[in-house]
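Fold and contact review
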Amino acid sequence: MKELQKGTTTSENELQKLKENYENQIKSLQKQLDDSILAENRALSVLKVSPIPIVIYDMAGKVDYFNEAFTKVFGWELDELKGDKIDFVPAESLPETIEAIKKMVAGAKVELETTRYTKDRKILTVQVSAGSFNDKSGQLIGTFVILRDITEQKRLAEELKANEERYSSVLA
């Protein structure tokens with residue numbers, strides 16, 4: 001009988017240790033989850049307040065997210081394009097865009113000046129900075145594109161150059 005009680009006590013001790021081990025694992029997993037949620041909320045807050053358009057794509061090139069600045073500059077609402085591709089690359093910009101996508105998928109950072117259509121088909125000159133991101137295991141899971149509208153800046157630079165040329169010819 002004592003041996004049976006000793007065996008039961010040992011089993012109870014083992015069960016208690018298992019219980020404590022599981023509780024510690026649950027606490028650790030909960031902390032990881034809380035930390036992940038906090039990091040995601042921080043990143044989303046930065047995206048939301050950025051004055052520069054930012055688009056997050058899945059690996060099929062479909063929109064996962066874009067910020068309010070994208071809507072302001074390009075005219076589309078997120079619910080119009082979420083889960084779809086954006087048809088905003090003019091034909092003359094397609095080759096460089098395809099090359100940039102290849103580089104991003106290979107893990108490289110991409111920077112280029114190119115053109116994009118707005119929803120109403122107006123052409124904008126944009127400075128693009130883009131890259132890709134991976135999950136914890138290193139698997140590529142998406143890309144991001146930052147599109148800074150430099151249309152007005154380019155127009156003013158051309159106007160300034162024309163004025164400088166006109167004045168230099170008058171002074172010569």
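In what follows, the structure referred to is the one given above.
Below is a summary of the structure that appears in this document. (Residues numbered from 1 in each chain as written. Predicted model: local features only at pLDDT ≥ 70, side-chain atom pairs only at ≥ 80, totals over all residues. Heavy atoms only, no water.)

It is worth spelling out the overall build of the chain at this point. Tallying secondary structure elements over the chain gives 5 helices and 5 strands in all. Moving toward the C terminus, one meets the helices and strands of the chain in the order α-β-β-α-α-α-β-β-β-α. The C-alpha atoms of the chain give a radius of gyration of 27 Å, which is well past the 16 Å a tight globule of 172 residues would have. On the principal axes, the C-alpha backbone points of the chain span a range of 115 × 30 × 30 Å. Here the chain holds 172 residues, and 26% of them are scored as buried. The contacts in the chain between residues at least 6 apart in sequence include a share of 37% that link residues at least 24 apart. (Helix = DSSP H or I, 4+ residues; strand = E, 2+ residues; numbered from the N terminus. Rg over C-alpha atoms; globule rule 2.2 N^0.38 Å. Buried < 20%, exposed > 50% of the residue type's maximum accessible area, 1.4 Å probe, protein only. Contact = heavy atoms within 4.5 Å.)

Considering the arrangement of structural elements, one finds Asn-134 in strand β4 (residues 123–134). According to the relative accessible area criterion, Asn-134 is partly exposed, its value standing at 46%. For the pair Asn-134 and Asn-24, spaced 110 residues apart in sequence, the C-alpha separation works out to 29 Å. Excluding anything up to four places from it in sequence, Asn-134 contacts Gln-139, Leu-140 and Ile-141.

Successive residues of a regular strand alternate their side chains across the two faces of the sheet. Counting buried positions along strand β3 (residues 110–117) gives 6 out of 8 residues, so the element sits mostly inside the fold. As paired strands, β3 and β4 are joined by 8 bridges and run antiparallel to one another. Across the sheet, residue Glu-111 finds its bridge partner in β4, namely Ser-129. (Pairing = 2+ DSSP bridges.)

Before going further, it helps to examine the nonpolar core. In this structure, Val-55, Phe-70, Phe-74, Trp-76, Ile-86, Phe-88 and Leu-147 are the most contacted members of the largest nonpolar core, which totals 21 residues. Elements supplying a minimum of two residues to this core: β1 (54–57), β2 (63–66), α2 (68–74), α4 (94–105), β3, β4 and β5 (140–149). Ranked by the residues each element gives to this core, the list is headed by β4, at 4 residues. Beyond its immediate chain neighbours, meaning those up to four positions away, Phe-70 contacts Pro-53, Val-55, Gly-75, Trp-76, Ile-86, Phe-88 and Leu-147. (Core = buried A, V, L, I, M, F, W, Y, C linked by side-chain atoms within 4.5 Å.)

The antiparallel hairpin formed by β3 and β4 contains 5 residues in its connecting segment, where Arg-121 sits at a positive phi of about 70°. Summarising the sheet, β4 and β5 pair through 9 bridges and their orientation is antiparallel. Counterpart to Ser-132 in the pairing with β5 is Thr-143.

By themselves, these are just geometric observations and shouldn't be taken as functional.
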